[in-house]
Structure formats: structure tokens, C-alpha cells
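# Analysis of the macromolecular model
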Amino acid sequence: MIRLMLAASVAAAITTAVPAEPEFRGAWVNIGSFRTAEDCDRLIANCVRAHLNVLWPIAYEYGYVYYRSDLLAMNPAIAEGYDPLGTLIRKAHAAGIQVHPWYANFISGPTDPKSDSLMARHPEWIVLDAAGRRPQGRASICPQRDDVRKLEADLMLEVARKYKVEGLHFDYIRYLGSQWCFCETCRQKFKQLTGLEPPMEPSAYAGNPLVEPGTAKVLAKFGDGVPAVLLNQLGKGTVVMLNWCPPRAAAGFADNVFGRALKYLEAVSRPRFVLRSATNATRYGYREHDIGVAWLKAHGLDGKDIPDEGIAGLPDDAFLLIPYVYLFNEQMAQDLADLIERGGNALVIDGPTPTINKLPDLQRAYGMKRAGAYFHDATTIVVPAEHPLVGPAGERTVSAELYEKWVQFRCDGITSLVRDVYHRARKLDADLRISAAVFVNPASARTNVGQDWPAWVKQSIIDVVAPMNYTSNTEQMCDRLRNCLAATTEPQRVFNGICAYVRGEDGKAKSRSTDLVLEQVARTRELGCKGLVFFDAGWMSDELYEALGKGPFSESVPPWYP
């Protein structure tokens, strides 16, 4: 009996001594989770409970840092004398958790000349569109400037020199959008390399179009005949629609028509409103709404946000901007048609393709009968006759060859920073792991924001990429992850970024369902990923931390690296 008990205890000891397979279990950490020493203690306790083994804490954003730097000022929101990153590193290492400081590259801070922000000291670094305008709201600095890239690299390496860390993490390692940047540095560098001027159209055309005009007049069309710019008169009011997805505050033809439409629809003299649709946000969020607001501000105007139910109460002479609202319900459609009939004017960015087929009032308001098929990479717009909204008759063409040269030029500027940091980090510490948060669609990431992350993997200048796979639809998450895995020659370097929060109908963020997160963890593992990263630790609920530690992460394991 004693021998049996001894054998059983030895077997149990052997079983517990054999660790589970390594797995990268990480979380991005915003400053709210380590703003004080007490915040750090709570964060580390939660990570230990959930058996997380890596943290990516923010070290640099908006022109300020969260550590003791010789290059930039500490964010003024941090208590004097406190070192957030240093404190977190010390406490994380004591708990056996690795730290890879996270950098929001190229994102600038306030431009107030009285502040100590990066932008206040270097306004010449701010990106410009083709019309020479700065971004509205969130600004960014030009990735093509040598002095900008040097500072970005020096900041990342500074932390590795000053603190014991296991890695460095890129984020916002991209342009804000396809329309940025056309500053003098970008123009001169591109011309030196190619002998050509940059394309004034920042990208080819893509969108979800409405087709089959009813009462709407087609003022411009794409080369294949799909309507591009539409004008509809209904009662006393007017609707103008850009029937594709123009980029944020776009330059070129889209921006020209947008500005002309504001004049044509008397936006300056009318009460101005912007539809902030909760119905639409349930599927698409509010990002596109914010793009529309920024574009309006770029033309020197603003507008009051209204909810779906607010359309009915607008005055007869209202100007309403409807940016990227694809989902309407019956009441919204009726209220919109009634507003236009009473004398309201509306400017529409992209059409409501998922709902127009079943809503007669929406067809009446837009003057279009049905949705068309999604298209991309259209290069020609035809204006059949001169009109105040579209200018003179003729073709507006994006040169595919010139556009590709421009795309590659932008990608090369971003890639050069990744390469510089990677090689300098390796010389400093051969064990440092370099990672990056990247977009889930590699093709559009390359063309729209200059982020050619499959090339980084192929060139061996990145250890890990984490696609920001922030969707509550698990099947969509899996499809995106499969696409990312297939896009690279080394799929083992792709770690899945899973969102820990969701936005409600009021637009406010809250912790995501624990069951949903656990489901996405399981599906990520099924697809062969050995790395998961949650965005972000601050939105991980107590219930989720507990469930991870007792469920899929029930055993502590070291981080896995390819």
C-alpha cells in the first residue's frame, strides 16, 4: 500500500513538473492601467491570476512619453516624480511577466505653442494633404522626414538602453490614410526617386455603390458606367451623394466635389447637422462618422451631431451630412424623405447599400432604386457634361503606374524605420523581440496607409506581427486571421489581436462578454496561432481574468516565440 501511494505521489509530481507548451499570452496596456503604483499592483495581480506572460505597455503617444527620457517630456498628466513604465517593469518582472514597451509611432500631440509637446516644437513635421491642409483632430508627423524617423527610432532604443525589457512594440506604424502626406519633403523625395510629381488623387476609387437611378441625375460615373456623383431633387430639398468610399478629407476629385457640394447645398448659411447613427454603429462603429466630421472641418465648417431619432425634428432649412451610414430603419428612411421634401438639403458620403432595396422611402430620398456590387481600384471618372457640382466635362483619371510608384514610395518610408529599429535593437541586445500591431487586411494596409507588413516578415526585420482583429463576429475574426496567415511566408509570426471591449449603441465602450472572448481564444488556437494579445488590459473584466486563469490559461507557461 505504501509503495502504491509512493508511486502515485511520484507520478503526480512528474505530471505537475512537466509544463504545458509555451504560448504567447499578452495584453496591450494603456496608461490608465499603470498611472500609479496602485494601478500597477492591480494590473499585475490580474495578469498573475489569468496566467498572462507578456505586457505591451504604452511608452510613447501624442508627443509625450511615460518614462524618464532624455529626448521628450513626460506626459503632464503623470504625477511629478513618478516613473510609470519603470514601476511597471519592476513589478512585472518580479511576477515573472515580460515587458515590451509599446510606441504609438508618428501620432503627434497638441499644437498649442505654450505646451511642451512635440508638435508645439515642430509644427513643420505635421502631415499635409494635397491641398496643404493639416489633419483635423488627431494629427500625425511625416514618416518620410529623416529627422522624424531618427527621433522615432532613438525613442524606442532609449528605453531598451535605460530599462531591462524583453522587446519593443510598434503601433501606428503607418500613415493616417491615403491622403496623407503631401508635404514638401514627400514631394521632393518622390520626384528625386522617380522624376515624377505625386498623384493628386491619393488612391484609386472603391466603394459600395447605389445603381439604377430613379429620380436622381447622374453627374459623373466611373469608367464602367457605375454612377459616381448623384443629384436628387425631392420636393423643396436636394440630396447630393458621392457614391463611393472617398478617403478621409480626400484630395483630388472627391475633395473638389465635396467643397462644391457644400456651396451648392448652402451649408454655410443653413443650420448644420451630422447624422451619428446608432443603428449603423451596431455593425460599423463610429469611425466613419468621425471621418465625415473631420472632412467637414477641413472645409472650415462644423455640424451638430444628431441621433437617428433626431432627423424628424430638424428644421425645414437644415443641412444634413450623412457620412457612411449604410444601415437605415424604416422610421429613419421616412424621416429623411420627409425632411428633404420639406426643404432640407443632404450631402451623402457612400450609400446605404444593405438597406435601400427594402426601404421605398430611402429610394425616394436618394433617387436610386437598388444596391450594386462592391468595386475597387477604379481609375477613371467620366463627367459627361459641365455642372457646378463636378466642374467641366471630361475624364478624371488615376494613373495606375504612377499610383503604384507612390504606394511603394510610402511603404518604403515606413519600412525603413522598422528595419532601422530592428537592426539597432539586435546590436544592443540580441534577445530583444520586435513586434508590431498591424491592420488585418494586408492589401489595403499597403495601399492605404503604407504598411506592407508581409514585406517586413519576408525581409526578416520583424519578429511578430499582431493583426488588430477587433470584431465581435467570431467567424469574421477567423476569416481575417486565415487571410493574415496566408499573406506571409512565415505564418508562425502572426499573433492574433483580440478585442476585450465593445461599444454600445450610445458609443461608449464596455467590457466584452467573457464567453465571446473565450470563444475567440479557442478559435485562434484551432487555427494554429501560438500567440494571443488582448486589447487592452483596462477593458479585461475581473470575470474574464478569472475565466482565463481557470480555463484556457489554467497553467502558467513561458511565452512562445517563432
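What comes next concerns the included structure. Given the structure is predicted, the values throughout are model-derived calculations rather than measurements.

Conventions adopted
- Residues numbered from 1 in each chain as written.
- Predicted model: local features only at pLDDT ≥ 70, side-chain atom pairs only at ≥ 80, totals over all residues.
- Heavy atoms only, no water.
- Core = buried A, V, L, I, M, F, W, Y, C linked by side-chain atoms within 4.5 Å.
- Buried < 20%, exposed > 50% of the residue type's maximum accessible area, 1.4 Å probe, protein only.
- Helix = DSSP H or I, 4+ residues; strand = E, 2+ residues; numbered from the N terminus.
- Contact = heavy atoms within 4.5 Å.
- Pairing = 2+ DSSP bridges.
- Axes fitted to C-alpha atoms, helices over the stretch in contact; angles between N-to-C directions.
- Phe/Tyr/Trp six-rings, centres within 6.5 Å; stacked < 30°, edge-to-face > 60°.
- 1 Å grid on protein atoms, 1.4 Å probe; cavity = no way out; pocket = protein on both sides within 12 Å on 5 of 7 lines; lining within 4 Å.
- Points joined across faces, edges and corners; volume = space filled by probe spheres on them.
- Nonpolar A, V, L, I, M, F, W, Y, C, P; charged D, E, K, R; others polar.
- Polar contact = N/O pair within 3.5 Å; in protein donor to acceptor, adjacent residues only side chain to side chain.

Turning next to the nonpolar core. Generally speaking, nonpolar side chains in soluble globular proteins are found buried as a group. Core analysis: the largest hydrophobic core is formed by 114 residues, its most contacted members being Phe170, Trp456 and Phe534. Element by element, the count of residues in this core is highest for helix α12 (residues 400-428), at nine residues. Ignoring any residue separated from it by four or fewer positions in sequence, one finds Phe534 in contact with Gly26, Ala27, Trp28, Leu52, Ile498, Val517, Val521, Met540, Leu548 and Phe553. Core analysis: the next-biggest nonpolar cluster, separate from the first, contains 42 residues, Phe222, Ala254, Leu262 and Leu301 among them.

On to the sheet that holds strand β10 (residues 227-234). Strand order in the open sheet made by the nine strands is β13-β12-β14-β15-β11-β10-β9-β18-β19, with mixed pairing throughout. Looking at the sheet topology across the chains shown, the edges are occupied by β13 (304-306) and β19 (394-397). For this sheet the average axis-to-axis angle between neighbouring strands, irrespective of direction, equals 20 degrees. The pairing of β10 with strand β11 (residues 237-242) spans six bridges and is classified as antiparallel. Looking at the pairing, Gln233 lines up with Thr238 of β11. On top of the sheet, helix α7 (residues 252-264) reaches β9 (217-222), β10, β11, β14 (319-323), β15 (345-349), β18 (380-383) and β19; it is set at about 170 degrees to β11, its chief contact.

To continue, consider the packing of aromatic side chains. All told, the structure shown has 26 aromatic pairs when counted by the stated rule. When the centroid spacing of 5.7 Å and the interplanar angle of 50 degrees are considered together, the rings of Phe24 and Trp56 count as tilted. Placement of the pair is Phe24 in strand β1 (residues 24-29) and Trp56 in strand β2 (residues 54-61), with a sequence separation of 32 residues. For the pair formed by Phe24 and Trp56, the shared burial category is buried.

Let us look at the layout of surface pockets. Size it by volume and the second largest pocket reaches roughly 190 Å³. Around the second largest pocket sit 15 residues that line it, and Glu201, Gly252, Phe253, Arg396 and Thr397 are the ones nearest its centre. Listed by contribution, the elements that provide at least two residues to the lining of the second largest pocket are α7 and β19. For the lining of the second largest pocket, the class distribution of residues is seven nonpolar, five polar and three charged.

On to empty space enclosed by the protein, then. Tallying each qualifying case throughout the model produces two cavities of 30 Å³ or more. Here the largest cavity defines a volume of roughly 50 Å³. What lines the largest cavity is simply Leu275, Arg276, Ser277, Asn280, Gly285, Tyr286, Glu288, His289, Pro323, Tyr324 and Val325. Split by residue class, the lining of the largest cavity holds five nonpolar, four polar and two charged. Per-class residue counts for the lining of the second largest cavity are five nonpolar, two polar and two charged.

So, about the side chain of Ser277. Here Ser277 lies in the loop between β12 (272-275) and α8 (278-284). Of the polar contacts made by the side chain of Ser277, one reaches the side chain of Asp308; its length is 2.8 Å. Among all residues touching Ser277, those that are not within four sequence positions of it are Tyr286, Asp308, Val325, Leu327 and Met332.

What follows is about the pairing of β14. The element β14 is largely enclosed, with a buried count of five among its five residues. Side-chain alternation along β14 places Phe319, Leu321 and Pro323 on one buried face and Leu320 and Ile322 on a second face that is also buried. Where β12 lies against β14, three bridges are found, and the strand directions are parallel. Within β14, the position partnered with Val274 by the bridge is Leu321. Relative to β15, β14 runs parallel, the two being bridged by five bridges. Note on β15: the bridge partner recorded for Leu320 is Ala346.

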